[in-house]
Amino acid sequence: MSDMIRMLRPAIAVLFILTIQSCGKKPVSVVPSDVTIEQILASFEKQASGIHDFSGRARATAKINGRTESAAVYINYRSPDRFRVIIKGTFGIVLSVIVARPDSYTVYIPSLTGYFVAGRGEDISALLVPGMRFDIDRITSMFTGAYPPADIQAGSRVSLKHKNYQAILALEDSLREYRYTVEGPGLLLVKEEILKGSKVVWRRLCSDFISCGDVMFPRRTEFTEGKKMLALDFSTCSVNTGLAESDLVFDIPANAERLILEEKNKPAPNRP
């Protein structure tokens, strides 16, 4: 018996090591210590230009004033500003269809047998999920990356610091601060924040990245604005497959009535 134990000791040792390793934490993906501001900005620009079109299915969960709303969302997007979103509720019932063109939204609501047209500057989010009022253009930035506009870069103080295994790029002007947290050698954006003073007024969290075509795409994206939260959990995604025009439009039924957007929904949201 003792000889058998001696023979098995190497195998037992290997098994023990593998067990310890499997129970431990996964290796942390670290941002290179010598990364520069220019490299991070270049990675944002690459992400922004890397997605020409996108299609996917997600479970959308919105939390507003303690109430939770959930729906299935089917998204087709084509750079820079075209998209079609189909929102379905229980039993696959279509709740709304949103078609975005460069200067307008068209929203069809089957339950009302009606549709309305709104300018891209108007806030239609509250009509999609009552009480939500998120900035839709900010939400669609998940496809174009977080590349800071040139005017923000030009008029801001830019800084870079390392925290644990991440790097945080900050752009600050007299009104607000934009923070972008990146992770790993690929400089993947995991957090975007907008602050006024020391208060975070907008936050985007990205996690569970997967390879989708030639880009790394977060299967979960969570947006927070004040006490409102919207999470998108993607179950499918396709990038740069060459979406046809038919994938971006919707034929409104002939019997649908054009609706008037209520005045209280017309003003565009004040961007934080």
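Sequence order as written defines the numbering, with residues in each chain counted from 1. Totals for whole chains, interfaces and linings use every residue, but because this is a predicted model, local features are given only for residues with pLDDT of at least 70 and side-chain atom pairs only at 80 or more, for both listing and counting. Side-chain figures throughout are based on the complete set of non-hydrogen atoms in the structure, without hydrogens or water.

**Focus on the overall build of the chain**
Which entries qualify depends on this criterion: Here a helix means four or more residues in a row that DSSP labels H or I, a strand means two or more in a row labelled E, and each is numbered from the N terminus. Think of it in three bands: residues with accessible area under 20% of the maximum for their type are buried, residues over 50% are exposed, and the middle band is partly exposed, with areas taken using a 1.4 Å probe on protein chains only. Note on contacts: a residue pair is in contact if any heavy atoms of the two residues lie within 4.5 Å. The method behind every accessible area is Shrake-Rupley, applied with a 1.4 Å probe, and residues are considered shielded solely by the protein chains displayed.
Along the backbone of the chain there are six helices and 14 strands. A burial count over the chain gives 40% of its 272 residues as buried. Residue pairs in contact within the chain that sit at least 24 positions apart in sequence constitute 48% of those at least 6 positions apart. As displayed, the chain offers around 15,400 Å² of accessible surface, 55% of which is attributable to carbon and sulfur atoms.

**Notes on the environment of Phe 217**
Looking at where Phe 217 falls in the secondary structure, it is placed in strand β12 (residues 215–225). For the pair Phe 217 and Phe 143, spaced 74 residues apart in the sequence, the C-alpha separation amounts to 8.7 Å. The residues contacting Phe 217, other than those within four sequence positions of it, are Phe 54, Met 142, Phe 143, Asp 208, Phe 209, Ile 210, Cys 212, Phe 234 and Cys 237.

**Looking at the state of the cysteines**
This is how the line gets drawn: Cysteine sulfur atoms that pair up within 2.5 Å are treated as a disulfide.
Here the structure, examined in full by the defined rule, presents one disulfide. What pairs with Cys 212 in a disulfide is Cys 237, and their sulfur atoms sit 2.5 Å apart. Of this pair, Cys 212 sits in strand β11 (residues 199–212) while Cys 237 is found in strand β13 (residues 228–239), placing the two residues 25 residues apart along the sequence. The residues Cys 212 and Cys 237 share a single accessibility class, namely buried.

**Comments concerning a nonpolar patch on the surface**
What counts here: In this scheme, patches are assembled from residues that exceed 30% relative accessible area and form no salt bridge. Like charges are connected within 9 Å, while nonpolar side chains (Val, Leu, Ile, Met, Phe, Trp, Tyr) are connected within 5 Å. Between Lys or Arg on one side and Asp or Glu on the other, a salt bridge is scored when a side-chain nitrogen of the former is within 4 Å of a carboxyl oxygen of the latter.
A contiguous nonpolar patch, built from Phe 91, Ile 93 and Leu 95 and spanning about 370 Å² of accessible area, is present on the exposed surface. Mapping Ile 93 onto the fold places it in the loop between β3 (82–88) and β4 (94–101).

**As for the pairing of strand β2 (residues 67–78)**
This is how the line gets drawn: Two strands pair if DSSP finds at least two bridges between them.
The pairing of strand β1 (residues 53–64) with β2 spans 12 bridges and is classified as antiparallel. Looking across to β2, one finds that Arg 59 is bridged to Ala 72. Here β1 hands over to β2 after two residues, with Asn 65 in that stretch at a positive phi of 50°. Of the pairings in the sheet, the one linking β2 to β3 comprises seven bridges and is antiparallel in character. Note on β3: the bridge partner recorded for Tyr 74 is Ile 86. What sits between the antiparallel neighbours β2 and β3 is a turn of three residues.

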